[in-house]
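# Understanding the architecture of this molecule
Take a look at the letters that make up each chain.
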Amino acid sequence: MAFRDGPFENLKVPLAWTAAVVAVVAMAGAALLLVSDRTTPDGGSSYGAARGAAASVTGPVSGVFAAPVRWVGAVTDYIGGYFFAVSENRRLRAEVAELEPWRDQAIALKNVNARYEAMLGLRTEPAVPMVTARAISDARGPFNRAKLVDVGASKGVRIGNPVINEHGLIGRVTGVTGGVSRMVLLTDVASRTPVLVDRTDARALLTGDGSDNPRLEFVRGAGSVQAGDRILSSGDGGGLPRGIPIGVAAKGIDGSWRVKLFSDRGAIDYVRVLLFQDFGQLIDPNALNAPPLAGLTTAPPPNAEQAGAIGDAAARRQAAAEAQAARARAAAAVAATPPATTPAAPQARPVQTRPAQTRPAAEVPSAATSPQPTPAQAPEGVT
């Protein structure tokens, strides 16, 4: 049975009055809720429990109604990506083409930075000032091996300064201008470098002959070089610091000892010039002339107990010195006193005897006719 066929068939409800009543009731309820909402002592709301219950009830329902919405959004994105894949690929290809030069440049800069870091990490013992440079020209021939670097006298570079890279010794400066220097490599025929064998400390001379591996000449000591021995700068003559790595020894096809240079491990484009002239610049002369105890600090002042002990020790030393001086004076006085004089006993004179002389028998007087000897006179007072 339909609603209009029931007892409320002729019932008519005024729509305007009904809407007005509903609005008034809603406003009254809202006002009542606002007025009755109070803050509890713990900082919460008086309707907190009711709100929590309502949220716990409506939460799962909201999740159920939101799931289809999310699914519809994912399907829409998938369909949009499928239809717009061509345009997206075109955009990505353009970005890749634009980033490829930047990638190549980043790789090059990374390599340069790695070499700079390796060169900046170089340390010599003792420390020697350095200046960084870049090779700007290369001259190679059957006899000459040289390079030009972009530093000169304005940076303190002088003729004779050694040149190194991150691997070891490269050569030496042979010409200097204001902003450019000429560097002769170890492989040049004019290069002569005093070296030593790290294992045996044997001295030798590294001579360039235009090849990539210079020769070891005038090696001191039999059997002092073996294949694989590290070759370092010896510092003999004062032209180079001692201990700069140069290479390893190897036997040449001609039977001579040669050196595989460490500097051949990479391109010689970034170098460092050692501002080294002689060993006199490594130590301050004033430091050598300083007294041995110049660097020691003074002792702190003594406390009362230490001062008393020092005074007692000084008094004992003074008393011992005075006693020793008194003994010395007494000994000197005894030595200066003359001894007592006593009468000396008469000494008997020695009787001089003459040797008997032989006379002839006729001249010898007889006992009867010989005169009697007279007694000698005794000294006075002696009977």
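Quick summary incoming for the structure in this document. No experiment lies behind these values; they were computed from the predicted model shown. (Residues numbered from 1 in each chain as written. Predicted model: local features only at pLDDT ≥ 70, side-chain atom pairs only at ≥ 80, totals over all residues. Heavy atoms only, no water.)

### Quick look at the nonpolar core
Judged by nonpolar contacts, the single largest core of 21 residues is most densely connected at Leu216 and Ile246. For this core, the elements supplying multiple residues, two or more each, are β6 (192-197), β7 (203-207), β10 (245-251) and β11 (257-261). Ignoring sequence-local partners within four residues, the contact set of Leu216 consists of Val195, Ala204, Leu205, Leu206, Val225, Ile231, Trp257, Arg258 and Val259. The next biggest cluster of nonpolar side chains, apart from the first, holds 14 residues, and it includes Ala133, Ile170, Val173 and Leu275. (Core = buried A, V, L, I, M, F, W, Y, C linked by side-chain atoms within 4.5 Å. Buried < 20%, exposed > 50% of the residue type's maximum accessible area, 1.4 Å probe, protein only. Helix = DSSP H or I, 4+ residues; strand = E, 2+ residues; numbered from the N terminus. Contact = heavy atoms within 4.5 Å.)

### Focus: the environment of Gly223
With respect to the secondary-structure elements, Gly223 resides in the loop between β8 (215-217) and β9 (230-233). Each C-alpha atom of the pair Gly223 and Thr200 lies 9.5 Å from the other, and the pair is 23 residues apart in sequence.

### As for the sheet that holds strand β3 (residues 162-164)
Around the barrel, six strands lie side by side as β1-β2-β5-β4-β3-β12; this closed barrel has antiparallel pairing. Averaged over all pairs of adjacent strands, the angle between their axes in this sheet comes to 45°, without regard to strand direction. Looking at chain direction, β3 and strand β4 (residues 169-176) are connected through three bridges and run antiparallel. Residue Val163 lies in a different strand from β4, and its bridge partner there is Gly171. (Pairing = 2+ DSSP bridges. Axes fitted to C-alpha atoms, helices over the stretch in contact; angles between N-to-C directions.)

### Considering the pattern of salt bridges
Pairing is possible between side chains that carry opposite charge, provided their charged atoms lie close to one another. If you walk through the whole model with that rule in mind, you get 14 salt bridges. Here Arg199 and Asp229 are joined by a salt bridge, their closest N and O atoms 3.0 Å apart. Linking Arg199 in the loop between β6 and β7 with Asp229 in the loop between β8 and β9, this pair joins segments that are 30 residues apart in sequence. Looking at Asp229, the relative accessible area reads 8%, which means it is buried. Between Asp209 and Arg258 there is a salt bridge, with the nearest N and O atoms lying 2.9 Å from each other. Within this pair, whereas Asp209 is found in the loop between β7 and β8, its partner Arg258 is found in strand β11, the two being separated by 49 residues in sequence. Ionic contacts of the salt-bridge type, sharing partners, join the residues Asp209, Arg215, Glu217, Asp254 and Arg258 into one network. (Salt bridge = Lys/Arg side-chain N within 4 Å of Asp/Glu carboxyl O.)

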